[in-house]
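Below, each chain spelled out in residue letters.
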Amino acid sequence: MLLREVEYAKPSSVAEALTVLAGNDGARALAGGQTLINVMKARAASPDVLVDLNGLDELRGIELAPDGTLSIGPMTTYTDLVNSAEARARPILGEVCNQIADVQVRNRGTIGGNACSNDPTNHLPPLLVAIGAEMTIAGAGGERVVPATDFFLGVYLTAVGPGELLTRITIPPGKGDGFAAVTLGVDGTCIANAAASVDGSVRVVLGCVDATPVLVQPPSAEDDAVRDAVRGAGLLPPGDVHASSEYRSHLAEVLAIRATRAAAERAGA
Ligand SMILES: Cc1cc2nc3c(=O)[nH]c(=O)nc-3n(C[C@H](O)[C@H](O)[C@H](O)COP(=O)(O)OP(=O)(O)OC[C@H]3O[C@@H](n4cnc5c(N)ncnc54)[C@H](O)[C@@H]3O)c2cc1C
């Protein structure tokens, strides 16, 4: 299906992008376009103005601070993350980005677009919550920093409000991380996924089982503790043609244990 007619703006600074977004209720940021253009083609979204962020170098790139903190521009693509020497400071990032879809999607899709679309089947929302990412949001009122735990608000809904942009993702140092997923085919969408981080405490985050990533914090990385924590979360996942609600609940337990075992092994726990 062809796109409906839409205005196009290519700002040359973040400030200009924010002005265009604030000045038009129907304006939407365009990152890699791998979700947005598809939903526009399907008429599920119909913005009046596309504000193309692709010319904004200030929103792209990966910086590694001496203490191991990563500062990532939202327009950084999955391929950039996979190939980045700096991003290897938190190896799980590149590893998970390398599992997303196919090479075309990885070359265009961005970490910011993945987070801001908050499709419950996406790979990155649970991972960003598990590894303690912080999201910087800019708007007319200035900047604010929102922990990833509070960033994902609902299906396709995040803390980025109208007229605002996600401008930075900050990731603390760490290496004890794991990720596990069951997907539709090799490159396919997740039916269920889980990310885990072990660093003194244990954080396990389940994807595809609710509108937003579900964080559970078992008292230890032992299989039984993780299983009990997932059961205690009272999940009621959606059922669809790919998996019944009961099967998704079962996958959540299995994947949480796999992700936590991988994280604990890396953490040396
Ligand atoms: C065939 C196919 C298979 C896929 N499979 C997977 C998969 O298995 N796992 C997975 O995780 N993803 C998958 N995706 C989705 C893909 O990862 C998208 O790239 C991603 O969801 C959106 O990123 P984007 O850069 O393309 O953003 P866009 O599509 O350009 O934007 C998505 C949304 O985020 C908003 N946005 C983007 N950047 C910002 C910003 N900086 N500030 C505020 N709002 C912003 C846009 O306005 C829009 O609403 C798949 C896509 C395709 C086409």
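Further up the page is the structure itself.
Residues numbered from 1 in each chain as written. Predicted model: local features only at pLDDT ≥ 70, side-chain atom pairs only at ≥ 80, totals over all residues. Heavy atoms only, no water.

1. What about the site of the ligand?
To keep things clear, this is the line we draw: The cutoff for a nearby residue is simple: one of its non-hydrogen atoms must lie within 4 Å of the molecule or strand. Under this definition, polar contacts are N or O atom pairs within 3.5 Å; protein pairs additionally need one hydrogen-donor-capable and one acceptor-capable atom, and for neighbouring residues in sequence, both atoms have to be side-chain atoms. For accessible areas, the Shrake-Rupley method is used with a probe of radius 1.4 Å. Any residue's cover is judged against the shown protein chains and nothing else.
Around the ligand, 29 residues are found, and the nearest of them are Ala29, Gly33, Leu36, Tyr78 and Thr110. Between the ligand and arginine 28 there is a distance of 3.0 Å, counted from an oxygen atom to a side-chain nitrogen or oxygen. The separation between an oxygen atom of the ligand and a polar side-chain atom of tyrosine 78 is 2.6 Å. Look at the ligand: alone it shows 970 Å² of surface, and the protein chains cover 87% of it.

2. Re the state of the cysteines
Keep this limit in mind: Cysteine sulfurs are considered disulfide-paired once they come within 2.5 Å of each other. Burial classes: relative accessible area under 20% of the type maximum marks a residue as buried, over 50% as exposed, and values in between as partly exposed (1.4 Å probe, protein chains only).
Applying the stated criterion to the full structure yields 0 disulfides. Cysteine 190 supplies the cysteine sulfur nearest to cysteine 97, a cysteine that is in no disulfide, at a spacing of 12 Å. On the basis of relative accessible area, cysteine 97 is assigned to the buried category, the value being 0%. Of all cysteine sulfurs in the structure, the one in cysteine 97 sits closest to cysteine 116, which takes part in no disulfide; the separation is 14 Å.

3. Here's the deal with the nonpolar core
Nonpolar side chains in soluble globular proteins tend to end up buried together. Note the following rule: Nonpolar core, defined: a set of buried Ala, Val, Leu, Ile, Met, Phe, Trp, Tyr and Cys residues in which side-chain atoms within 4.5 Å join the residues together. Comment: elements are numbered from the N terminus, with helices defined as DSSP H or I runs of at least four residues and strands as E runs of at least two. Note on contacts: a residue pair is in contact if any heavy atoms of the two residues lie within 4.5 Å.
Ranked by internal contacts, the top residues of the largest apolar core, which has 34 residues, are Leu93, Leu124, Leu128, Met135, Phe151 and Ile171. Secondary-structure elements contributing two or more residues to this core are strand 5 (70-72), helix 3 (78-83), helix 4 (92-97), helix 6 (111-117), helix 7 (124-130), strand 6 (134-139), helix 8 (148-151) and strand 10 (165-171). Beyond its immediate sequence surroundings of up to four residues, phenylalanine 151 is in contact with Ala115, Cys116, Met135, Ile137, Val146, Leu157, Thr158, Ala159, Val160 and Leu166. Among the nonpolar cores identified, the runner-up in size contains 25 residues, and Ala196, Val230, Ala252 and Leu255 belong to it.

4. Focus: the sheet that holds strand 11 (residues 177-183)
We apply this condition: Here, any two strands with at least 2 DSSP bridges between them count as paired. Axis lines are fitted to C-alpha atoms, over the contacting stretch for helices. Their N-to-C directions set the angle, which ranges from 0 to 180 degrees.
Taken together, 4 strands build an open sheet; the order of strands is 11-12-13-14 and the sheet is antiparallel. Strand pairing shows two members of the sheet lacking a second neighbour, strand 11 and strand 14 (214-216), which therefore form its edges. Recorded for the sheet is a direction-independent mean angle of 15° between the axes of neighbouring strands. In terms of strand pairing, strand 11 meets strand 12 (residues 190-199) through 7 bridges, oriented antiparallel. Within the sheet, the bridge partner assigned to aspartate 177 lies in strand 12 and is serine 197. Contacts from helix 10 (residues 245-267) reach strand 11, strand 12 and strand 13 (201-207) within the one sheet, and its direction differs from that of strand 12 by about 35°.

5. Focus on empty space enclosed by the protein
This is how it is decided: In this analysis the probe radius is 1.4 Å and the grid spacing 1 Å, with only protein atoms considered; a cavity is a set of points the probe fits into but cannot get out of, a pocket is an open set with protein on both sides within 12 Å along at least five of seven lines, and lining residues have an atom within 4 Å of a point. Grid points are joined across faces, edges and corners, and a volume is the space filled by probe spheres set on the points. Residue classes follow a fixed rule: Ala, Val, Leu, Ile, Met, Phe, Trp, Tyr, Cys and Pro count as nonpolar, while Asp, Glu, Lys and Arg count as charged, and any other residue, Gly among them, counts as polar.
For the structure on display, the rule yields 2 cavities of 30 Å³ or more. Approximately 50 Å³ is the volume attributed to the largest cavity. Around the largest cavity, the lining residues are Leu3, Arg4, Glu5, Val6, Met40, Arg43, Ala45, Ser46 and Pro47. The residue inventory of the lining of the largest cavity, partitioned by class, reads 5 nonpolar, 1 polar and 3 charged. The computed volume of the second largest cavity comes to approximately 40 Å³. Contributing to the lining of the second largest cavity are Asn118, Asp119, Pro120, Pro125, Pro126, Gly207, Cys208, Asp210, Thr212 and Pro213.

6. Focus on the sheet that holds strand 3 (residues 49-52)
If you trace the 3 strands from one edge of the open sheet to the other, you get 1-3-2, paired in parallel fashion. The open sheet has two edge strands, strand 1 (7-9) and strand 2 (27-30), and neither has a second partner. In this sheet, adjacent strand axes meet at a mean angle of 25° when their direction is disregarded.

Functional significance is not addressed by these values, which are geometric in nature.
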